[in-house]
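# Breakdown of the fold
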Amino acid sequence: MRNGILVLAALLLGGALWGGAIREEGGETVITLKVPSLPNAAFTDASTRSDVAVHEAFRRDFPELFRRKYRKRYQAKPQKYGKFRWERVRIELEAASGIQVEGVENDLLAIAGGMAPDILSINFRKSDNYIRNHFLYPLDEYYRTLSREEFRELVPEKLVPVIARRGDDGRQHCWLVPTGALLGRVLLYRKSLFDERRIAYPDAAWTWRELYQACRELTDPARGVYGLVMGQGSAEAWYWQTFLWSAGGDSTAYDPATGEWRCAFDSEAAVEALDFYTRLCSERWTDRRGRIRRGYVLKDPSEQNAKWERGEIAMKFGYVDERMIAAVSPEAVGIAPVPLGPDGKTRGSEINCIMMGIFSGVKEPAVRDAAWEYMTYLTGPEAQRLRTRILVEAGFGRFVNPRYLDRFGYSEIRKLTPPGWMETFNLAIESGRPEPYGRNSNFLYQMMTPPIQRAEQLSVSDRLPENGPERRRVLKQLLSNANARADAVMNGRLSDAEKSRRRLAAGAALAVIAAGFALVFRNVRKLHASAAPPKAAANMDGANTCASICCCCPLCLRFWCGSMSRWSAVR
């Protein structure tokens, strides 16, 4: 609700939206570019130092880049680009700032306040909302300047559907630029716990069966040891999503013919995934001391990090980074692909990436051009070279993607890369799917979580059948109810039964309002009749009846039409 109010405010304040600035200073033209954030040079870790170096290099390289690509064009069209001294140009980067409100995206607050940055940082789930609300400037004119090789280098193949979407005009447009390292979800495991129980390490052949068996053998709550980490709260479905994919299902589905999205987490595959997830989290079992336990996972977020560091968590899901695969000790921690699903063939990893787009409120073409150059520079060859050099010099060379080690002259370090890590990353990307990015996906995890939590509540209270068709029927009903509600909220889709129910509710409300109007006018008529002479009272009866009809009917009709358009329309 708060996000919707802010979107409305942003649209109403459209005249206040502004982008970067251009000024002349000291005999040169300065383009100020407002970006989502800037790295803090006070931090000395290798990752931050590499980000600082990349930003310094962009400031250094921008004047030559501008001279080569833009100067002649700007000088030839002063009416479009302004009458500035384009012979000498430099760039200034300014970090976005503003108030923060819990549960509300900072970008929306900045847009509503007329202080939006020139570049917006966009995750997959909220991208559709920003596109449909016209907060992003289409980047087609820039993408057309790239060669096929440059496009492939900038946009990984699996991210193409995320950055290229249909606009209000019905045509496909490119809206976003991947500016962060490509991430793949994997399974991290603590080697010492597996060694202690003499259990084979997870590998690419692992299925749900091996995961379940390992969790059972490794979990020992009396010692504070748990087989796996999961989450809790309104976005718990993030943990369930990988099981849904591995079972062969999906949370949403897109129809390219109509351009419409629908929720799809009520399939038989979803039932299979919820069944397995519920067993992991809440299955009843008895430990070696005769104590009744529930599940094999730890969900309390306050303990998870500390327990992982102490070696009390056997496995957890995490991301590996395309640039620096992982900064963990390979002697203590192993990395394996997400386990295969029940068919032994399907693996549902997730791929993700930080993306940026140009704010549609930027009016200066020169600022838009600078924004494009900034976004593409962050993942360009010079940025990759700088990051690789700094990470190698800081002693993290063995964790760097071997592709970059070979490309920038550090091939001798390649042999230090932990065995199997690069293969695991490649398999995570190969089997990965982009995090949900469809219509209103920003709310998807919140809509998917209730059936997960309800299934666990039923299991813990021994009201969920342990096995068989009845268990699946209960889980199917939980998912179907949640999926229908999600489809209504996110996509405006209503079932025939729901539309009928809402029509009946609207009709009943209409009847109550009509009866109320009739009662009020009847009492008013009686009051006037008692105070008037007989002949005047008779005339007044007719007048009041006409007034009742004239006032009541339009209001009732307006309510009925409004109710039907709001409650029965399927978008």
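In short, a report on the structure. (Residues numbered from 1 in each chain as written. Predicted model: local features only at pLDDT ≥ 70, side-chain atom pairs only at ≥ 80, totals over all residues. Heavy atoms only, no water.)

As a further point, take the overall build of the chain. Looking only at helices and strands, the chain features 22 helices and 19 strands. Within the span of the chain, comprising 571 residues, buried residues form 50% of the whole. Across the chain, the fraction of contacts at a sequence separation of at least 24, relative to all contacts at a separation of at least 6, is 75%. (Helix = DSSP H or I, 4+ residues; strand = E, 2+ residues; numbered from the N terminus. Buried < 20%, exposed > 50% of the residue type's maximum accessible area, 1.4 Å probe, protein only. Contact = heavy atoms within 4.5 Å.)

So, on to the pattern of salt bridges. Under the definition given, this model contains 41 salt bridges. Among the ionic pairs, Asp275 bridges to Arg471, the shortest N-O distance being 2.7 Å. With Asp275 in helix H13 (residues 268–282) and Arg471 in helix H20 (residues 468–491), this pair connects stretches of sequence that are 196 residues apart. Residue classification places Asp275 among the buried residues on the basis of a relative accessible area of 12%. You can call Arg471 buried: its relative accessible area is 5%. With a closest N to O distance of 2.5 Å, Glu322 and Arg403 form a salt bridge. Here Glu322, found in the loop between strand S15 (313–321) and strand S16 (333–336), pairs with Arg403, found in helix H17 (residues 402–407); they are 81 residues apart in sequence, far enough to count as distant. Residue classification places Glu322 among the buried positions, given a relative accessible area of 17%. (Salt bridge = Lys/Arg side-chain N within 4 Å of Asp/Glu carboxyl O.)

As a further point, take empty space enclosed by the protein. For the coordinates displayed, the defined rule picks out 1 cavity of 30 Å³ or more. Roughly 30 Å³ of volume is contained in the largest cavity. Every element with two or more residues in the lining of the largest cavity is listed here: helix H11 (208–218) and helix H12 (237–246). Ranked by residues supplied to the lining of the largest cavity, first place goes to H12 with 3 residues. (1 Å grid on protein atoms, 1.4 Å probe; cavity = no way out; pocket = protein on both sides within 12 Å on 5 of 7 lines; lining within 4 Å. Points joined across faces, edges and corners; volume = space filled by probe spheres on them.)

Before going further, it helps to examine the packing of helix H2 (residues 46–69) against helix H16 (residues 381–393). Following both chains from N to C, one finds H2 and H16 inclined at 145 degrees, their axes separated by 9 Å at the closest point. Relative to H16, the crossing made by H2 is right-handed. The segment H2 lies against H16, with Ala46, Arg49, Ser50, Asp51, Ala53, Val54, Ala57, Arg60 and Asp61 engaging Glu382, Ala383, Leu386, Arg387, Ile390 and Leu391. Classifying every residue of the contact of H2 with H16 gives 8 nonpolar, 1 polar and 6 charged. (Axes fitted to C-alpha atoms, helices over the stretch in contact; angles between N-to-C directions. Left-handed = near helix turned anticlockwise from the far one by under 90°. Nonpolar A, V, L, I, M, F, W, Y, C, P; charged D, E, K, R; others polar.)

Judged by nonpolar contacts, the single largest core of 90 residues is most densely connected at Ile31 and Tyr374. Ranked by residue count, the leading element in this core is helix H15 (residues 365–377), at 8 residues. Discounting chain neighbours no more than four positions away, the residues touching Ile31 are Ala21, Ile22, Phe62, Trp86, Val89, Arg90, Ile91, Glu92, Ala366, Val367 and Ala370. (Core = buried A, V, L, I, M, F, W, Y, C linked by side-chain atoms within 4.5 Å.)

On to the packing of aromatic side chains. Two descriptors summarise a pair of aromatic rings, namely the distance from one centre to the other and the angle between the planes of the rings. Taken as a whole and assessed by the stated rule, the structure comprises 34 aromatic pairs. With 6.1 Å between their ring centres and 35 degrees between their planes, Phe62 and Phe66 make a pair best called tilted. With Phe62 and Phe66 both in helix H2 and 4 residues apart, this pair spans about one turn of that helix. Exposure remark for Phe62: the relative accessible area of 1% places this residue in the buried category. Measuring from ring centre to ring centre gives 5.6 Å for Tyr189 and Phe194, while their planes differ by 70 degrees; the resulting arrangement is edge-to-face. Like Phe194, Tyr189 is buried. Pairwise contacts between aromatic rings join Phe58, Phe62, Phe66, Tyr70, Tyr74, Tyr81, Phe84, Trp86, Tyr374 and Tyr377 into one cluster. Across from the ring centre of Trp238, 3.7 Å away, lies the NZ or CZ of Arg185, which sits over that ring. The ring of Trp308 has Arg190 lying over it, and the distance from NZ or CZ to the ring centre is 4.8 Å. (Phe/Tyr/Trp six-rings, centres within 6.5 Å; stacked < 30°, edge-to-face > 60°. Lys NZ or Arg CZ within 6 Å of the ring centre and 35° of its normal.)

Attention now goes to the sheet that holds strand S4 (residues 119–122). An order of S4-S18-S7 is seen for the 3 strands of this open sheet, with the pairing classed as antiparallel. The outermost strands of the open sheet, each flanked by one partner alone, are S4 and strand S7 (177–178). Bridge analysis of S4 against strand S18 (residues 355–358) gives 4 bridges, and the strand direction is antiparallel. Its bridge partner being in S18, Ser121 is matched across the sheet by Met356. In this fold H15 packs onto S4, S7 and S18, with an angle of close to 170 degrees to the strand it touches most, S18. (Pairing = 2+ DSSP bridges.)

Let us look at the sheet that holds strand S2 (residues 28–35). Strand pairing in a sheet is mediated by backbone hydrogen bonds. Such pairs are either parallel or antiparallel. Read across the open sheet, the 3 strands follow the order S1-S2-S3; overall the sheet is mixed. The two strands at the open ends of the sheet, each matched to only one other strand, are strand S1 (21–25) and strand S3 (89–95). For this sheet, the mean inter-axis angle between neighbouring strands, taken without regard to orientation, is 30 degrees. One ladder, built from 5 bridges, connects S1 with S2; its direction is antiparallel. Its bridge partner lying in S2, Ala21 is registered against Thr32. Running at roughly 145 degrees to S3, H2 makes contact with S2 and S3 of the sheet. Along the sheet, H15 makes contact with S1, S2 and S3, crossing S2 at roughly 60 degrees.

Here we come to unusual backbone geometry. With phi around 60 degrees, His134 is a residue other than glycine that occupies positive phi space. Topologically, His134 is positioned in the loop between helix H6 (124–132) and helix H7 (140–143). Since its relative accessible area comes to 48%, His134 is described here as partly exposed.

Turning our eyes to something else, we now look at H6. Where burial is concerned, most of H6 is hidden: 8 out of the 9 residues are buried. The complete set of buried residues in H6 reads Phe124, Arg125, Lys126, Ser127, Asp128, Asn129, Tyr130 and Ile131. Two or three places before Arg125, at the start of H6, stands the capping residue Asn123, its side-chain oxygen 3.1 Å from that residue's backbone nitrogen. At the exit of H6 stands His134, carrying a positive phi of roughly 60 degrees. (Polar contact = N/O pair within 3.5 Å; in protein donor to acceptor, adjacent residues only side chain to side chain.)

In this section: the layout of surface pockets. By volume, the largest pocket is sized at about 870 Å³. Residue assignment for the lining of the largest pocket shows that the elements contributing at least two residues are H2, helix H4 (78–81), H7, helix H8 (148–154), H15 and H16. The biggest single contributor to the lining of the largest pocket is H15, with 7 residues.

All quantities given are derived from atomic positions and should not be read as evidence of function.
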